[in-house]
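Listed below are the residues making up each chain.
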Amino acid sequence: MPSFIAFISFAILTSITPGPNNLMIMTNATKLGFMRGMPLILGVFAGFTTVIALGVVFSANLYNYIPSIAPYMKVVGCAYIFYLAWKTYKSTGSTDEGDSKLNNFFTGYILQFVNPKGVLYSISVAATFITPYYHDLMTLTLLVALLGVIGLFSMVSWALFGALFQKALVSHAKVINTTLALVLVYCGVSLFL
């Protein structure tokens with residue numbers, strides 16, 4: 001693995017930054033409370049972990065059947081990380097997105113399969129940090145579980161501190177987003193070090 005710190009940094013930053021899941025969970029918990037929002041959180045967690053597992057399977061199969069694709073997948077993964085850095089830098093931290101009307105496990109689970117951030121994240125984290133270096137089922141399963149737990153931590157954080165995060169992101173958006181973007185750039189550059 002190029003750098004475990006880069007892997008963990010990428011996973012945490014990508015999971016904690018505003019996106020459809022976090023904004024939906026924050027809005028839902030702000031309106032309904034943490035405990036009443038739990039079915040949606042658990043559904044998003046289960047769906048997110050499933051999508052990560054599918055991304056690992058997809059990436060592993062590409063590496064197994066087309067080994068020469070590895071350097072190209074690293075470049076694509078790096079480009080996606082730089083794209084996330086740019087989007088993070090330009091983000092306003094607005095919470096206009098999200099809806100609490102469909103607060104249930106099934107909705108949270110199914111929405112993961114149409115969440116572009118989650119799908120691209122799963123493929124890029126797998127292709128960039130996991131499948132080039134690990135091949136045994138136990139290690140892949142543990143890494144998928146680790147990414148799922150990191151995602152769950154992020155979801156719970158957004159739900160618990162939704163109102164606080166909203167105020168902090170809006171009032172200090174530029175400093176926070178610039179810092180997060182620079183760490184993402186580090187993650188991308190570290191792939192080639």
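J.: I'm lost on the overall build of the protein in this one. Help?
T.: When helices and strands are tallied, the protein shows nine helices and zero strands. Here the protein, with 193 residues, has 45% of them falling under the buried criterion. Sequence-distant contacts, at least 24 apart, represent 87% of the contacts inside the protein between residues at least 6 apart.

J.: Even after reading the chapter, I still don't get helix H6 (residues 116-130), so can you show me in this structure?
T.: In an α-helix there are 3.6 residues to a turn, and that puts residues three or four apart on one side. Here H6 is 15 residues long and its end C-alpha atoms lie 20 Å apart, about the 21 Å a rise of 1.5 Å per residue gives. Counted residue by residue, H6 has eleven buried out of 15 residues, so it is predominantly covered. Buried within H6 we find Lys 117, Gly 118, Tyr 121, Ser 122, Ser 124, Val 125, Ala 126, Ala 127, Thr 128, Phe 129 and Ile 130.

J.: Can you walk me through the packing of aromatic side chains in this structure?
T.: For any pair of aromatic rings, the description consists of the separation of the ring centres together with the inter-plane angle of the planes. Applying the stated rule across the entire model yields eight aromatic pairs. For the ring pair Phe 10 and Tyr 121, a centre distance of 5.7 Å and an interplane angle of 25 degrees mean the geometry is stacked. Taken together, the residues Phe 10 in helix H1 (residues 4-16) and Tyr 121 in helix H6 connect sequence positions 111 residues apart. When sorted by exposure, Phe 10 lands in the same class as Tyr 121, which is buried. Considering the side-chain rings of Phe 10 and Phe 129, the 5.5 Å spacing of their centres and the 35 degrees angle between planes classify their relative orientation as tilted. Residue Phe 10 is located in helix H1, and its partner Phe 129 is located in helix H6; the two are separated by 119 residues in the primary sequence. Taking the relative accessible area as the measure of exposure, Phe 129 reaches 0% and is therefore buried. Grouped by ring-pair contacts, the aromatic residues Phe 4, Phe 7, Phe 10, Phe 48, Tyr 121 and Phe 129 constitute a single cluster.

J.: Whenever I open this one, the environment of Cys 78 confuses me. Can you help?
T.: Structurally, the position occupied by Cys 78 is in helix H4 (residues 70-90). Relative accessible area serves as the criterion here: at 6%, Cys 78 is assigned to the buried category. C-alpha of Cys 78 to C-alpha of Ser 124: the two residues are 46 residues apart in sequence and 8.3 Å apart in space.

J.: Mind showing me how you'd approach a nonpolar patch on the surface here?
T.: On the surface, Leu 54, Phe 106, Ile 110, Leu 111, Phe 113 and Val 114 cluster together to form a nonpolar patch covering roughly 570 Å² of accessible area. Ranked by residue count, the leading element in the nonpolar patch is helix H5 (residues 105-111), at three residues. Along the chain, Ile 110 turns up in helix H5. For Ile 110, a relative accessible area of 39% gives the class partly exposed.

The rules we used
- Residues numbered from 1 in each chain as written.
- Predicted model: local features only at pLDDT ≥ 70, side-chain atom pairs only at ≥ 80, totals over all residues.
- Heavy atoms only, no water.
- Helix = DSSP H or I, 4+ residues; strand = E, 2+ residues; numbered from the N terminus.
- Buried < 20%, exposed > 50% of the residue type's maximum accessible area, 1.4 Å probe, protein only.
- Contact = heavy atoms within 4.5 Å.
- Expected span 1.5 Å × (residues − 1).
- Phe/Tyr/Trp six-rings, centres within 6.5 Å; stacked < 30°, edge-to-face > 60°.
- Patch = residues over 30% accessible without salt bridge, like charges linked within 9 Å, V, L, I, M, F, W, Y side chains within 5 Å.
- Areas by Shrake-Rupley, 256 points an atom, 1.4 Å probe, with all protein chains shown as cover.
- Salt bridge = Lys/Arg side-chain N within 4 Å of Asp/Glu carboxyl O.

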